[in-house]
Every structure is written in C-alpha cells, then in structure tokens.
Number of protein chains: 2
Amino acid sequence: MSHHDLKLGHPSCGDCPIRHKAVCARCESDELAQLDAIKYYRSFQAGQTVIWSGDRMDFVASVVTGIATLTQTMEDGRRQMVGLLLPADFVGRPGRPTAAYDVTATTDLVMCCFRKKPFEEMMAATPHIAQRLLEMTLDELDAAREWMLLLGRKTAREKIASLLAIIARRDASLKASASKGGVKFDLPLTREEMADYLGLTLETVSRQMSGLKRDGVIELEGKRHVIVGNLDRLLEETGDDSDGGALV
Amino acid sequence: MSHHDLKLGHPSCGDCPIRHKAVCARCESDELAQLDAIKYYRSFQAGQTVIWSGDRMDFVASVVTGIATLTQTMEDGRRQMVGLLLPADFVGRPGRPTAAYDVTATTDLVMCCFRKKPFEEMMAATPHIAQRLLEMTLDELDAAREWMLLLGRKTAREKIASLLAIIARRDASLKASASKGGVKFDLPLTREEMADYLGLTLETVSRQMSGLKRDGVIELEGKRHVIVGNLDRLLEETGDDSDGGALV
DNA sequence: ACCAACCGTTGACGCAGGTCAAGGCGCGCG
DNA sequence: CGCGCGCCTTGACCTGCGTCAACGGTTGGT
C-alpha cells in the first residue's frame, strides 16, 4: 500500500490509445473538451489495489493501459473474479456511491478517471456518452453470461482452454501477429488469479496447464509465456461451438 | 410447439402492472403514446419456447407477467441458465439481429413486444428510454456477477439456499406478506431448471432440498411450496455476508 | 381404468477436482 | 553468497457432486 499511486498530468484526448473504444468513443470535440476538464490520470503498480469493495468511490474511470480485475470475496476468503478489465473498459457505476467489487491492478495500470458528480451531470446532458456506456454494458453483460456457462458447466480443462483462447484471440487481433495458427503471448495473470477467475484452485490450474502442455495443445516458455501452435486445436478444447471464427 | 402463442390486443399503458419498473418507466405520456404505436402483446404457455438462440429476432420486449429464462446450451447438451426474467425485465438487445440465448417461458407468460426497428429509432431520439435501459442493464450485470460468485465458489447447499433466499426475498417484498420471519412461496422452477440455474444436476438439487428440509431450514408442502420459518437461518446457509437486511 | 409422460426422491458408486504437503526455480536483499 | 519469499509444480489422499438406476406420485389422454 506504499503510495505509488501517482496522479499524472493531462495528456490530450487526441492521441489517447483508447479514444475510439472507451466511453468517450462517440464524443465530438466539444464534448471531449468537457470531459477533459473533469478528468485526471492515475497510475498503479502491478499488484496494487485500486479500490476496495464498499469504499466510497467518487470517480468513474476508463482503463487506458494495463489490466485490472474485479473480484468478490466471501467472508471465509473464497474469492471469485467477476471481471477482467482491459484497456478501454469502464470502471464504476454512475449513480452508485460505493465500489461494489475489489478492483486490483494485475499489471502496471493507467486509468483515466472522471470525477463522478460532473460525469453524471454530463451523462444526463450528453446522449453520446450514455449511448456508448449502454453499448459497453451490454457487451459486458454478454461476457458475464458466457462466463456463467464456463463457471457452471465446463470442466477444468475446458475452463483453462477457454481462458487461454480468450487471451490468445485478443492478442491475435490486437497485434495481428499470428501467421495463421501460431500465436504467442504472455499470461497477464498468476496461477492463483487464473484460479480465481475460473472457479478453480491454483493447483488444478497448474495441473491442467501441464496437461495441455503434455498433450501438445500449448507450449510453455518459463511460467508465463504461452505458445499456441494450433489455435483450432486449442478451440476444440474449450467445449464451445466449433465454428470458431466464421468465414464472414 | 402448438400455436398457443396468442397475439393479444392492446391494453393501455396506464394500467400496466410494470408501468413504473420497465424500460418505459421514465417515459412521459407522449413518449408512451409513441411506444404504444409499436407495441403488441404476446402470451405463452408454461414450457413454451419464446425464441431459440440464433434465431432472427425482430422485436425486443418486456415481461409483463410470468417468468421466463435465458439459457445457453453446449453442443453436447450441457445447459446453463444465464438469466431469470421477472415482470418488468427486458429481453433482447437493440442493435443485434438475432437472439443470443434460448428464451423459455417457465410459467404462463405475457410479454409486451416492441418492433425492433422503430424501437431503436425511438431509443436514439428518447433519452428517457436509453437511460432506463442503461440502469436496468447495470442491475442485470450486477446480478450476473453475483451469480458468477455463486457458480464459481459456492457449495451445492449454499447454491440452493441462495436461490431460495432470492425467491423468498422477492416474494416477501412483493407481497409484504411475511410477518417477520415466516415466508411461504411456490417455486416457479422445476428441479431441473433449478439445476440449470445453479450449475448442478437435478439429483443434487433434490438431495440438497431434502437436506435443508431435514435440518429444519425449510419445510415443504408438496414439491413446490416452500415455507421458510426463519429467514435469517436460511440466509446463514447462503454463505453470504451475514448483515442480511441492514437496519437502514 | 389403464397407461404413459413427467416430475421428484433416494441409493450405490465413481471420479474430477479440492486439500494438504513437499519441493523446485528465480530473484531481490542483507 | 546464502537466505527468504513469491510463484509454480507435483504427489497422495479425500470428498462433494455427478452418474446410473430404481421407484413413487400425479396428471392427462384414450
């Protein structure tokens, strides 16, 4: 909890990496200027807690770079991750005074925060923001429901494969790296975080990772770097509909 | 699939039971009139399918009375319920052409449907609708995340208790029936539907119901009627924070 | 009246994944 | 350099829940 929670300056929205994907995606330049007036950047080190569930939260924010997680904890310590926040994702709920989940930086993290009160006022006055937020929330709801299927019905191996597939796909689309079939990436999560995400124990995660490696579905370089030789092979292991990426 | 899918007339919004909770909650009377022009009622029998995942869907809708479910199915038949739709809940996603989930009526069901195209146009022009939909979607997202904790981390007994608690609470608040401690209600779901909701098998559901009964947490009258003598006792079994209903 | 379909319960058994425990690797720090 | 610590792996064992199977009650159709 050392105070490495820097408040940074005021980079302009023009060259913001998430300009066209975040809540502000549809804003016109005058609207951006308004947002600019109520925004500030904060950055966090990997492992730092952004906010605890139940704490007063007087901002909402977009993830600019890095990855954060939303987790819920039961009294006896059982933990379940309920959201993985990637760049452009939105944190916080307009109209709610406190945080509903623990928010933690799993990598170094930069967030673009908006003071809540003025943000709420802007939302009421600026349909572009509310529209975009609705769209993003609907996407998150879909993702949450897909995750419910995973948590409720998939086997440990399918869970791991699904998580790897999600990360692989994101990296593939992001970096346009994959030469049809060969994808490599670094896992942004520890085994324990993976376990919390998947509703497993870290031992089971470790065993299943070893299993997928033994069966040639993935290769490992060190603990974190994953090489997927054949993405289709990995997708088969997820238990999902095999149509994978339609040819559209 | 017999054709008991009646299209009903055009009851007025004025005396609609969900008038103040559904997407239209914030609409002024002129806006209601517009909605009225694009709406139609449909009713379904218990057990009927409203729409299959992947089917073209040219309406969105509110549940007026009855209960519907959203479920996802894997190729091999594993099923997970991902949403329970109660009166006032919204079905369908503006901007998406097909249904993402199977929608099924678990009780007799009446829905207020809006033709999708004009509804989308209205949404763009009527902030009241988009605002309300955002609010409802955020609530659903919260519910989905709570459900993720249940699916990922709770034991079978805790899952059953949580489901009963949700239904008990809803009925208690709805009917203001409970004289501090005594709640009774009919389960709107079969054992199999409960299993699909909770990520269990129907046998496990049955056993845990018997277990809760044996331990005096609930009483059963027939298969479906549940009597909760001591709600706090039930809440203890859910594994959730014990603060239950705060004294505010 | 009978039968079939549906829903629910219960028992016996097996296994996937949790639990407990030991140990390995890499890294920063005294 | 050696030590401790965080992260990961692996093994042995245990158990909660799934699977398979039998059976009872209720309802509706012929």
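Definitions and cut-offs
Counting of residues starts from 1 at the beginning of each chain's written sequence and follows it residue by residue. Lettering of chains starts at A and numbering of ligands starts at 1, both following the order in which they are written. The model is predicted, so local features are restricted to residues of pLDDT at least 70 and side-chain atom pairs to those at 80 or more, both for listing and for counting; the totals for chains, interfaces and linings are taken over all residues. Note: side-chain values were computed over all heavy atoms of the structure, leaving out hydrogens and water. The contact definition used throughout considers only heavy atoms, calling two residues in contact when any of these lie within 4.5 Å. A simple way to read buried area is as the amount of 1.4 Å-probe accessible surface that goes missing from two parts once joined, with both sides added. The term salt bridge refers to a pairing of a side-chain nitrogen on Lys or Arg with a carboxyl oxygen on Asp or Glu at a separation within 4 Å. Note on terminology: near, applied to a residue and a molecule or strand, indicates that one of the residue's heavy atoms is within 4 Å of it. In the analysis that follows, any N or O atom pair within 3.5 Å is treated as a polar contact, provided that within protein one partner can donate a hydrogen and the other can accept it, and provided that, for residues neighboring in sequence, both atoms belong to side chains. Helix and strand definitions here come from DSSP, where helices need a minimum of 4 consecutive H or I residues and strands a minimum of 2 consecutive E residues; each element is numbered from the N-terminal end. Polar here means any residue other than Ala, Val, Leu, Ile, Met, Phe, Trp, Tyr, Cys and Pro, which are nonpolar, and Asp, Glu, Lys and Arg, which are charged; Gly is therefore polar. Between any two strands, pairing holds if DSSP finds at least two bridges. Here the axes come from fitting lines to C-alpha atoms, over the contacting stretch only for helices, and the angles between their N-to-C directions go from 0 to 180 degrees. Whether a residue is buried, partly exposed or exposed follows from its accessible area with a 1.4 Å probe, protein chains only, as a fraction of its type maximum: under 20%, in between, or over 50%, in that order. The arc in question is formed by the directions pointing from the helix axis toward the C-beta atoms. Start and end positions for the domains come from either an automated domain assignment or a database one. Superposing the copies works by least squares over the C-alpha atoms of residues that have pLDDT at least 70 in both of them.

Trainee: I keep staring at the interface of chain A and chain B and nothing clicks. Help me out?
Mentor: Frequently, the measure chosen for interface size is the accessible area that the parts lose on association. With 45 residues of chain A at the contact, the number on the chain B side is 45 residues. Between chain A and chain B lies a buried interface of about 4000 Å² when both sides are counted; carbon and sulfur atoms form 55% of it. Broken down residue by residue, the surface that chain A buries against chain B is led by Arg145, Met148 and Arg153 of chain A, which jointly contribute 20%. Inspection of the region where chain A meets chain B yields 12 salt bridges.

Trainee: Is there a simple way to explain the protein's contact with DNA strand D in this structure?
Mentor: Near DNA strand D there are 17 residues, and of these Arg191, Ser206 and Ser210 of chain A together with Thr204 and Arg207 of chain B occur at the shortest range. Ser206 of chain A is positioned such that a nitrogen or oxygen atom in its side chain is 2.6 Å from a phosphate oxygen of DNA strand D. Mapped onto the surface near DNA strand D, the elements with two or more residues apiece are helix H6 (202-214) of chain A together with helix H6 (202-214) of chain B. The biggest single contributor to the surface near DNA strand D is H6 of chain A, with 5 residues. Across the surface near DNA strand D, the residue classes tally to 3 nonpolar, 7 polar and 7 charged.

Trainee: Can you help me understand the protein's contact with DNA strand C in this one?
Mentor: Taken together, 17 residues lie around DNA strand C, and Thr204 and Arg207 of chain A together with Arg191, Ser206 and Ser210 of chain B are the ones closest in. Looking at DNA strand C alone, sugar and phosphate atoms form 62% of those within 4 Å of the protein. Thr201 of chain A places a side-chain nitrogen or oxygen 3.2 Å from a phosphate oxygen of DNA strand C. Sorting the residues of the surface near DNA strand C by element identifies H6 of chain A together with H6 of chain B as the ones contributing at least two each.

Trainee: Help me out: how do you make sense of the sheet that holds strand E12 (residues 225-228) of chain A in this one?
Mentor: Backbone hydrogen bonds are what pair the strands of a sheet, in a parallel or an antiparallel way. Residue and element names in this part refer to chain A. In space, the 3 strands of this open sheet follow the order E10-E12-E11, with antiparallel pairing throughout. Looking at the sheet topology across the chains shown, the edges are occupied by strand E10 (183-186) and strand E11 (219-221). Averaged over all adjacent pairs, the angle separating strand axes in this sheet is 20°, with direction ignored. Where E10 meets E12, 4 bridges bridge the pair, whose relative direction is antiparallel.

Trainee: So what exactly am I meant to see when it comes to helix H2 (residues 116-125) of chain A here?
Mentor: Every α-helix carries 3.6 residues per turn, so stepping three or four residues along brings you back to the same face. Among the residues making up H2 of chain A, those that are buried are Lys116, Pro118, Phe119, Met122 and Met123 of chain A. One face of H2 of chain A carries all of its buried residues, which in axial projection span an arc of 165°. Exposed and facing more than 90 degrees away from the buried side of H2 of chain A are Lys117, Ala124 and Ala125 of chain A. On the buried face of H2 of chain A, the contacting elements are helix H1 (29-38), strand E4 (59-65), strand E7 (90-91), strand E9 (109-115) and helix H3 (127-153) of chain A together with helix H3 (127-153) of chain B.

Trainee: Would you explain the domain arrangement of chain A in this entry?
Mentor: Residue and element names in this part refer to chain A. For chain A, the assigned domains are domain 1 (6-151) and domain 2 (155-236). Residue-level contacts link 11 residues of domain 1 with 12 residues of domain 2. When domain 1 packs against domain 2, the two sides together hide about 1200 Å² of surface, and 69% of this comes from carbon and sulfur. If you sort the residues of domain 1 by the area they bury against domain 2, Met81, Trp147 and Leu150 come out on top, with a joint share of 43%. Taken together, domain 1 and domain 2 are joined by 1 salt bridge. Between Asp196 and Arg79 there is a salt bridge, with its nearest N and O atoms 3.2 Å apart. At the boundary of domain 1 and domain 2, one finds 5 residue pairs in polar contact (both at pLDDT 80 or more). Breaking the side of domain 1 that touches domain 2 down by element, the ones donating at least two residues are strand E6 (79-85) and H3. Here the side of domain 1 that touches domain 2 takes 4 residues from E6, the largest share from any one element.

Trainee: How should helix H5 (residues 191-198) of chain B be read in this particular structure?
Mentor: All names here are of chain B. The buried fraction of H5 is high, at 6 of 8 residues. Taken together, the buried positions of H5 are occupied by Glu193, Met194, Ala195, Asp196, Tyr197 and Leu198. Once H5 finishes, Gly199 follows within two positions and takes phi at roughly 70°, a positive value.

Trainee: What's the story with the relation of the copies chain A and chain B in this structure? I'm lost.
Mentor: Superposing the two chain copies requires a rotation about an axis and a translation along that axis. Taken as rigid bodies, chain A and chain B are interconverted by a rotation of 180° and an axial shift of 0.0 Å, the fit giving an RMSD of 0.0 Å. Expressed as a symmetry operation, the mapping of one chain copy onto the other fits a two-fold axis. Same-surface contact between copies: 100% of interface residues of chain A are shared with the interface of chain B.

Trainee: Any chance you could explain the pairing of E12 of chain A here in plain terms?
Mentor: Looking along a regular strand, one sees the side chains alternate between the two faces of the sheet. All names here are of chain A. Across 3 bridges, the pairing between E11 and E12 is antiparallel. Note on E12: the bridge partner recorded for Glu219 is Ile227. Counted along the chain from E11 to the antiparallel partner E12, the turn is 3 residues long, and its residue Gly222 has a positive phi close to 70°.

Trainee: Just checking my understanding: could you explain unusual backbone geometry for this structure?
Mentor: As a rule of thumb, non-glycine residues mostly have phi less than zero, and peptide bonds are mostly trans rather than cis. You will see that Ala88 of chain A, though not glycine, has its phi angle at about 90°, which is positive. What makes Ala88 of chain A buried here is its relative accessible area of 4%.

Trainee: Would you explain the pattern of salt bridges in this entry?
Mentor: Pairs can form between side chains of opposite charge once their charged atoms are near each other. Taken as a whole and judged by the stated rule, the model has 34 salt bridges over all chains. Notably, a salt bridge pairs Glu140 of chain B with Arg145 of chain A, separated by 2.7 Å at the nearest N-O pair. With Glu140 of chain B in helix H3 and Arg145 of chain A in helix H3, this residue pair bridges two chains. For Glu237 of chain B, the salt bridge is made with Arg157 of chain B, and the minimal N-O distance between the two is 2.9 Å. Of this pair, Glu237 of chain B sits in helix H7 (residues 231-237) while Arg157 of chain B sits in helix H4 (residues 156-175); the two residues are 80 residues apart in sequence, bridging distant segments of the chain. Judged by its relative accessible area of 16%, Glu237 of chain B falls in the buried class. The exposure class of Arg157 of chain B is partly exposed, given its relative accessible area of 21%.

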